[in-house]
Amino acid sequence: MKAKKLIEVAMPIKEISAESVRDNRLAGGNIRTLHIWWARRPLPTCRAVVFASLVPDPLDEYCPQAFKDAVADILMSDRQYAPYKDIPYTAAYDPMEDNMRNRLMMFIGKFSPLCQENMKVGKKTAPADQLAPGSLIKWENHDNKLILNKAQKFIWIAYNSEMHPDLTYDSLSSSFDQYKDAIETSENELYCLVDRHKDSERVISLENKLLRAIEDFQNRMPAVFDPFAGGGAIPLEASRLGCRSFGNDINPVAHIVEKGSAELPQKYGKPLILSRKEFERLYGSLGENILQEVSGALFSGETVSIPNRLSFDVAYYAHIIIKKAETEIGKYYPKDEAGNTVAAYYWARHGRCSNPSCRADFPMMKNFYLANTKNTQVYLNPVVVDNHVLFELKKGRYDTHVLGEWNHHGTITCPCCGSVTDSKITKEQARATGLTPVFYAMISESENGKHYSLPTESIRRIVESPVDEIDGPEESLPLNDGRNMMVAFWGFTKWKTLFSPRQLRAVNTFIKYFNEVKDSLTPSDYSNALLTYLAIWIDRIAQFNTMFSRWNDISEKIQHLFGRQSISMIFDFVESNPFCNSSGSAINQLGWILKYIDSESFSSFSARFENSSSGDKIQFDAKSLSAVITDPPYYDAITYSDCSDFYYVWLKRTLGDIYPVNFSTPLTPKTEECTAMKHRFGGDERKARLHFENKLTEIFDAIEVQTSDIVSIMYAHQSTEAWTTLCNSILTARMNITGSWSLDTEMSGGLKTDKAYLESSVTVACRPSERKGFGDYKEVKKAIIQKVEKEVEDLYALGFRGADLLTACFGQAVSEFGKYKVVEKADGSEVKVAELLEMARNSAFNSLLKGVQGDDFTRFYIGWLQMNGMGETDFDDATKFTRVGMPVDVSDIFARKLLIREGKKQHLATAAEHLGNSTTQGTHPEDSLIDQVHRAMLAYEKGDRHLLLTLLHNVGADDQSAPFWRLVASLKELLPEGKDLKSVEGLLGNSDNLRQESREVDQHQPEQMSIDFGIE
Ligand SMILES: C[S@@+](CC[C@H](N)C(=O)[O-])C[C@H]1O[C@@H](n2cnc3c(N)ncnc32)[C@H](O)[C@@H]1O
């Protein structure tokens, strides 16, 4: 028997969530900042899930002794990994047992002492200070040799002791040290060679020695595979932890991003020592400048030390390209009148008023601000003369009542005559003749921040002078995707139409000089790596230089066209000056790439990527992968291939000859993509969904064949439908769920909103299952109930609360029915997954409710009270809670005032808040039980005995065993001090009398206030 993995038993989910939220906001050096990919998983989540999928639960009876000894030796005596004395995020004093499992959790992530103290008093902690310095998942530790070495050693011992149970901790620990030392020694030998860029015999022999040392180490580490690798976050983390790491993605753009993220820096981003002569021969004086500027390196004697060869070379060649491009096209980007370099030229498209007697041609602006920050407000103030609109620049705020919205989603209100022209008509105008963009303003770089000005005639002449650039990507956008590619409906049907001729000219010029660099390099794996980054850089320049790039007046920065995972129609845009220093410029874009390479080059281990549709059963030998850790797509949530075509059409032009197979198709592959895009199925949503479900199952099916241990799936959705799809695919692929956790990450709302919203995802651990034939529904149900009850108890002790507890239990409940091929009812009918899920969910919830009966709203109220009390919780908790826990809709919960929303927070309603001004709610037998009890509590509080007795009579509460009284008893257990608790105690204290009298309600009218309610 194998021990359970840690992920199947426990995860420090609050800590992972906190650091993941932080990760989404980190700037330079983080994987998100290399190149766009959609739905990236945060690195802390990926690192935690990879680690916890590879190490056993040290408390499991089958856990190898060597691993327990490792935990004891490395963590048990280290105070920084001691479990919390008092779990900081729970209300009551609640210590955590000091055992090996909890120590391992604290190693993954532990709140810092400061954060623990702050949490207890409801204070916030700065994101960087939330986790303790020793936490594996903390961003600062992504290149911390000491911490990563510990994690790698745990994995080494777990993997090898499972295969060789006779091996002791001491022997495994020393073999780990020995193999790691061999890598380090080989690296030192190779990287201190002078002029190792020349393939001398010595260099080749040392390179081979290093490769062998890495291979020898990794052959003793688990193989981890991500079949939906996307931007490469999971393979990056698997290789960071020393594993043999593999990733697949169907999309060639993702493939390039993956290589850039998790293969090339780790392989080539290493130090290089050059003889001074060789340095000068290769790089000349430009190289010297760059080395000092970019790397901060100094020349010493006869040799030159380049800290990171790859980032240095990328910087060097990028500077050459910038210089040449600027010489050729710099003249198209004039300075402003004050001599400042312009960062962006602001354009607005013109529409025509449909009023026949007006026909004014005017800019379709929605907002007139160029800057709208706390300290600076600048706007374009329109001056209407006859049927012409001119602008003057004004400082301060404008009155939105005076200067209203001219454009609402393409429906325009004419500033000259006030007529409204419907968006249907403007769309027709756009398709017929285009909505001509007109240049209106400039945003320049100045010593005092951004400077805003109107163009002079001479500047206008340069910027508006025609550029005959017709060469550009002729490939077509999807023409029938009204949800994600609205621009096609406005006449932008080819990728090149997203660029103005000037912008095309700019991107083409960069590509021209990129090709010159390519021709100058001797082809090799290294030069291909270098060119890959230069192509990624050109992608970045292109994404900021389209007619769909916005000016963010709040942050005073350019935003690229993918503010959302779609391309929306916009009516004003900025043209970036590639030769300035601001956001959007070539130099700024280069900075992001260099930071990434520098940040991820320290590791000796790189991931290996394939660019193909997953699900190929012969890609890996049967059971040769220890773990699959992945994050699949979800129905039509993101149209990966359509969006990525924006980059594909440029990458084809830059890297097509370097990666000929990957860029052989006109656009990215669509047919095999595991998504549900109805526009690819003639608008048939059912067919699209079926395609997704079949593809997902096919891929899981292959995974099951290839994986020996565990499959951890991160799923960005928690709705019942999402669970059903996921469970169906998992079960059909002969696997079973053995653990589940919900994790939060924060996504930026993007675009101009500057809002942030919480997004939670669920991580499910599965195992290839040995499924028995038929399960009897009654037996399965019983087993689920027992398992969940135990689970609630165990997880509660581990500090799980609220909706997190429910998600965790739900996964465990599902695992029971996954043991059987088929579960049957007594009449022989098969129980469908959706039905089983319903049952599993109910039993998880029931077990939390500990026997509370009643309708869904009542159960919701008690469940929430039990898990969250009456205190404030984050808004997102309600959604999670109802999604997994209950068949009620979160909107109904708010509509019925069971939860009260205040800003981004909510709390459970008191009786008075719940029933508000209503006088009848809760007085009828068919009303929700919680309504009836709250009505009774209010009647008691007011001393309205007549109402109370009538109510008890009407709702059948004149019997002691009625659900009404059981609910009142539960409330007494759960409510905190306060009015509601007093009412409940009063009702219970008088219950015998009340029941007695309520039975007589029909016979005579009760006397007002004849019972002493004990109200002061
Ligand atoms: C949710 S994303 C993965 C994101 C990734 N975890 C990250 O952090 O960047 C899902 C990925 O699945 C890929 N995909 C879709 N269909 C596929 C298929 N049939 N085979 C392989 N990959 C596929 C998409 O291209 C997309 O990159």
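Since the structure is predicted, the reported quantities are computational estimates derived from the model, not experimental observations. Here the residue index of a chain counts from 1 through its sequence in written order. Given that the model is predicted, a residue must reach a pLDDT of at least 70 before its local features are reported, and side-chain atom pairs must reach 80 or more before they are shown or counted; all residues, however, enter totals for whole chains, interfaces and linings. The side-chain figures draw on all heavy atoms in the structure; neither hydrogens nor water molecules are used.

Considering the overall build of the protein chain
Here's step 1: In DSSP terms, a helix is any run of H or I states spanning at least four residues, a strand is any run of E spanning at least two, and both are numbered starting from the N terminus. Each helix and strand in the protein chain was counted, giving 33 helices and 28 strands.
Here's step 2: Radius of gyration means the value over C-alpha atoms here, while the globule rule gives 2.2 Å times the residue count to the 0.38 power. What you see for the protein chain is a C-alpha radius of gyration of 32 Å, in line with the 31 Å of a compact globule of 1016 residues.
Here's step 3: Projected onto the principal axes, the alpha-carbon positions of the protein chain cover approximately 105 × 90 × 55 Å.
Here's step 4: Relative accessibility thresholds used throughout: buried, under 20% of the residue-type maximum; exposed, over 50%; partly exposed, between the two (1.4 Å probe, protein chains only). For the protein chain, the residues scored as buried account for 60% of the 1016 residues in total.
Here's step 5: Contacts are assigned to residue pairs with any non-hydrogen atoms lying within 4.5 Å of each other. Counting contacts in the protein chain only where the partners sit at least 6 residues apart, residues at least 24 apart contribute 72% of the total.
Here's step 6: All accessibility values rest on the Shrake-Rupley procedure with a 1.4 Å probe; residue burial counts only the protein chains present in the view. Working note: accessible area of the protein chain is about 40900 Å², and carbon and sulfur atoms make up 50% of it.
Here's step 7: The centroid of the 116 positive side-chain charges in the protein chain is displaced by 3 Å from the centroid of its 138 negative side-chain charges. A positive count includes Lys and Arg, and a negative count includes Asp and Glu. His and the chain ends are not counted in either. In this description, the location of a charge corresponds to atom NZ of lysine, CZ of arginine, CG of aspartate or CD of glutamate.

Topic: the site of the ligand
Here's step 1: To be near a molecule or strand, a residue needs just one of its heavy atoms within 4 Å of it. Around the ligand, the surrounding shell holds 25 residues, and the nearest of these are R41, G231, D249, D631 and C674.
Here's step 2: Two N or O atoms form a polar contact when they lie within 3.5 Å of each other; inside protein one atom must be a possible hydrogen donor and the other a possible acceptor, and for residues adjacent in sequence the pair counts only when both atoms belong to side chains. The contact in question runs from an oxygen atom of the ligand to an N or O atom on the side chain of D249, over 2.7 Å.
Here's step 3: Considered on its own, the ligand offers 600 Å² of accessible surface; in the complex 100% of this is hidden by protein.
Here's step 4: Under the grouping applied here, Gly and all other residues not named as nonpolar or charged are polar, the nonpolar ones being Ala, Val, Leu, Ile, Met, Phe, Trp, Tyr, Cys and Pro and the charged ones Asp, Glu, Lys and Arg. Looking at the shell around the ligand residue by residue, the classes come out as 12 nonpolar, seven polar and six charged.

A word on the pairing of strand β10 (residues 388-395)
Here's step 1: A pair of strands is considered paired only if DSSP assigns at least 2 bridges between the two. Pairing between strand β9 (residues 377-385) and β10: eight bridges, direction antiparallel. Across the sheet, residue L380 finds its bridge partner in β10, namely L393.
Here's step 2: Taking the residues between adjacent antiparallel strands as the criterion, β9 and β10 are bridged by two residues, where D386 takes a positive phi near 50°.

Focus: the pattern of salt bridges
Here's step 1: When a carboxyl oxygen of Asp or Glu lies within 4 Å of a side-chain nitrogen of Lys or Arg, that pair is called a salt bridge. A full pass over the atoms with the stated rule returns 52 salt bridges.
Here's step 2: The shortest N-O distance in the salt bridge between D701 and K617 comes to 2.7 Å. Linking D701 in helix α20 (residues 685-706) with K617 in the loop between β19 (608-610) and β20 (625-630), this pair joins segments that are 84 residues apart in sequence.
Here's step 3: K617 gets classed as partly exposed once you look at its relative accessible area, which sits at 41%.
Here's step 4: One network of salt bridges, in which partners are shared, links K617, K623, D701, E704 and R734.

Concerning helix α16 (residues 501-520)
Here's step 1: Between the first and last residue of a helix there are one fewer steps than residues, each counted as 1.5 Å, and that sum is the expected span. The first and last C-alpha atoms of α16 sit 29 Å apart over 20 residues, in line with the 28 Å expected at 1.5 Å per residue.
Here's step 2: With respect to burial, α16 is a largely interior element, 14 of its 20 residues being buried.

Quick notes on the packing of aromatic side chains
Aromatic ring pairs are defined here through the distance separating the ring centres and the angle between the ring planes.
Here's step 1: We call Phe, Tyr and Trp rings a pair once their centres come within 6.5 Å, taking the six-membered ring for Trp, and we label the pair stacked below 30 degrees between planes, edge-to-face above 60, and tilted otherwise. On inspection of all chains with the given rule, the structure shows 53 aromatic pairs.
Here's step 2: When the ring of W156 is compared with that of F176, the centres are 5.7 Å apart and the planes differ by 75°; the resulting orientation is edge-to-face. Of this pair, W156 sits in helix α6 (residues 145-163) while F176 sits in helix α7 (residues 169-191); the two residues are 20 residues apart in sequence, bridging distant segments of the chain.
Here's step 3: Residue W156 is classed as buried on the basis of its relative accessible area, which comes to 1%.

With respect to the nonpolar core
In globular proteins that are soluble, nonpolar side chains generally tend to be buried together.
Here's step 1: Side-chain atoms within 4.5 Å are what join buried Ala, Val, Leu, Ile, Met, Phe, Trp, Tyr and Cys residues into a set we call a nonpolar core. By size, the foremost hydrophobic cluster in this structure holds 273 residues, and its most contacted members are F51, F154 and W537.
Here's step 2: If you tally residues by element for this core, the top one is helix α17 (residues 525-544), at 13 residues.
Here's step 3: The residues touching W537, leaving out its near neighbours within four places in the chain, are A318, I321, I322, F510, A586, Q589, L590 and I593.
Here's step 4: The next biggest cluster of nonpolar side chains, apart from the first, holds 43 residues, and it includes L948, L952, F964 and V1001.

Description of α20
Here's step 1: For α20, built from 22 residues, the straight-helix expectation of 32 Å at 1.5 Å per residue is met to within 8% by its first-to-last C-alpha distance of 32 Å.
Here's step 2: Structurally, the start of α20 carries an N-cap: the backbone nitrogen of R686 is 3.0 Å from a side-chain oxygen of D684.

Observations concerning the sheet that holds strand β8 (residues 369-372)
Here's step 1: Pairing is antiparallel in the open sheet, where three strands are placed in the order β8-β9-β10. Bordering the open sheet on either side are β8 and β10, each of which pairs with just one other strand. Averaged over all neighbouring strand pairs, the angle between strand axes comes to 25°, with direction disregarded.
Here's step 2: As paired elements, β8 and β9 share three bridges and run antiparallel to each other. Considered in β9, the bridge of A371 is made with V378. Helix axes use the C-alpha atoms of the stretch in contact, all axes being lines fitted to C-alpha atoms, and the angles between their N-to-C directions lie in the range 0 to 180 degrees.

Points about unusual backbone geometry
Here's step 1: The backbone phi angle of D195 is positive, close to 60°, even though this residue is not glycine.
Here's step 2: Considering the arrangement of structural elements, one finds D195 in the loop between α7 and α8 (201-218).
Here's step 3: Residue D195 is classed as buried on the basis of its relative accessible area, which comes to 14%.
Here's step 4: Positive phi, normally seen in glycine, also occurs at H409, with a value near 50°.
Here's step 5: Checked against the element boundaries, H409 lands in the loop between β11 (407-408) and β12 (411-413).
Here's step 6: Residue H409 is classed as exposed on the basis of its relative accessible area of 62%.

What about the pairing of strand β1 (residues 223-226)?
Here's step 1: Of the two faces of β1, the one holding A223 and F225 and the one holding V224 and D226 are both buried throughout.
Here's step 2: What joins β1 to strand β2 (residues 244-248) is helix α9 (residues 233-240), and the crossover it makes is right-handed.
Here's step 3: Here two bridges tie β1 to β20, and the two strands are oriented parallel to one another. Looking at the pairing, V224 lines up with A627 of β20. Throughout, right-handed denotes a crossover for which the path from the first strand over the helix to the second runs clockwise when the strands point away from the viewer.

A word on the sheet that holds β11
Here's step 1: On the basis of which strands lie adjacent, the open sheet formed by three strands has the order β11-β12-β13 and antiparallel pairing. At either end of the open sheet lies a strand with only one pairing partner, and these are β11 and β13 (420-421).
Here's step 2: Inspection of the sheet shows β11 paired to β12 by two bridges, in the antiparallel sense. Residue N407 lies in a different strand from β12, and its bridge partner there is I412.

So, the state of the cysteines
Here's step 1: Disulfide: a pair of cysteine sulfur atoms within 2.5 Å of each other. A full pass over the atoms with the stated rule returns zero disulfides.
Here's step 2: Here C416 stays unpaired: no disulfide links it, and the sulfur of C414, its closest cysteine neighbor, is 4.2 Å away.
Here's step 3: Sulfur of C727: no disulfide; nearest cysteine sulfur belongs to C766 and is 8.4 Å away.
Here's step 4: A relative accessible area of 1% places C727 in the buried class.

Regarding the packing of helix α2 (residues 43-54) against helix α4 (residues 100-108)
Here's step 1: Viewed as axis vectors pointing N to C, α2 and α4 meet at an angle of 150°, and their least axial separation amounts to 10 Å. In terms of axis orientation, α2 runs roughly antiparallel to α4. Between α2 and α4 lies a crossing of right-handed hand. Contacts from A48, F51 and A52 in α2 reach L104, F107 and I108 in α4.
Here's step 2: A per-class count over the contact of α2 with α4 returns six nonpolar, no polar and no charged. For classification, angles of less than 35 degrees are called roughly parallel, those exceeding 145 degrees roughly antiparallel, those between 65 and 115 degrees roughly perpendicular, and all remaining angles oblique. Each crossing is labelled by how the near helix is turned from the far one, with a counterclockwise turn of less than a right angle marking it left-handed and a clockwise turn marking it right-handed.

Some remarks on the packing of helix α3 (residues 65-76) against α4
Packed helix pairs are specified by the crossing angle of their axes together with the interaxial distance, meaning the distance between the axes.
Here's step 1: Running from amino to carboxyl end, α3 crosses α4 at an angle of 60°, the nearest separation of the two axes being 10 Å. In terms of orientation, α3 and α4 fall into the oblique class. Here α3 runs over α4; the crossing is left-handed. On α4, the residues touching F67, K68, V71, A72, L75 and M76 of α3 are M100, R103, L104 and F107.

Some details on the environment of K518
Here's step 1: With respect to the helices, strands and loops of the structure, K518 is situated in helix α16.
Here's step 2: Exposure remark for K518: the relative accessible area of 13% places this residue in the buried category.
Here's step 3: Setting aside chain neighbours within four positions, we find K518 in contact with L531, T654, D657 and I658.

Describing the environment of D855
Here's step 1: Tracing the chain through its elements places D855 in the loop between α24 (833-849) and α25 (856-868).
Here's step 2: Taking the C-alpha atoms as reference, D855 lies 6.8 Å from L929; in sequence the two are 74 residues apart.
Here's step 3: Contacts of D855, omitting those with residues within four sequence positions, involve S928 and L929.
Here's step 4: Here F857 takes part through its backbone nitrogen, which lies 3.2 Å from a polar atom of the side chain of D855.
Here's step 5: Here the side chain of D855 touches T858 through a polar contact of 2.8 Å, side chain to side chain.

Here we look at the confidence of the model for the protein chain
Here's step 1: The pLDDT value expresses, per residue, how confident the predictor is, ranging between 0 and 100. On average, residues of the protein chain carry a pLDDT of 89, and 93% of them reach 70 or more.
Here's step 2: Note that pLDDT drops below 50 for residues 748-758; the model gives that stretch 31 contacts with residues more than four away or on any other chain.
Here's step 3: Under a pLDDT of 50 for its full length, residues 1003-1016 has, in the predicted model, 26 contacts with residues more than four places off or in other chains.

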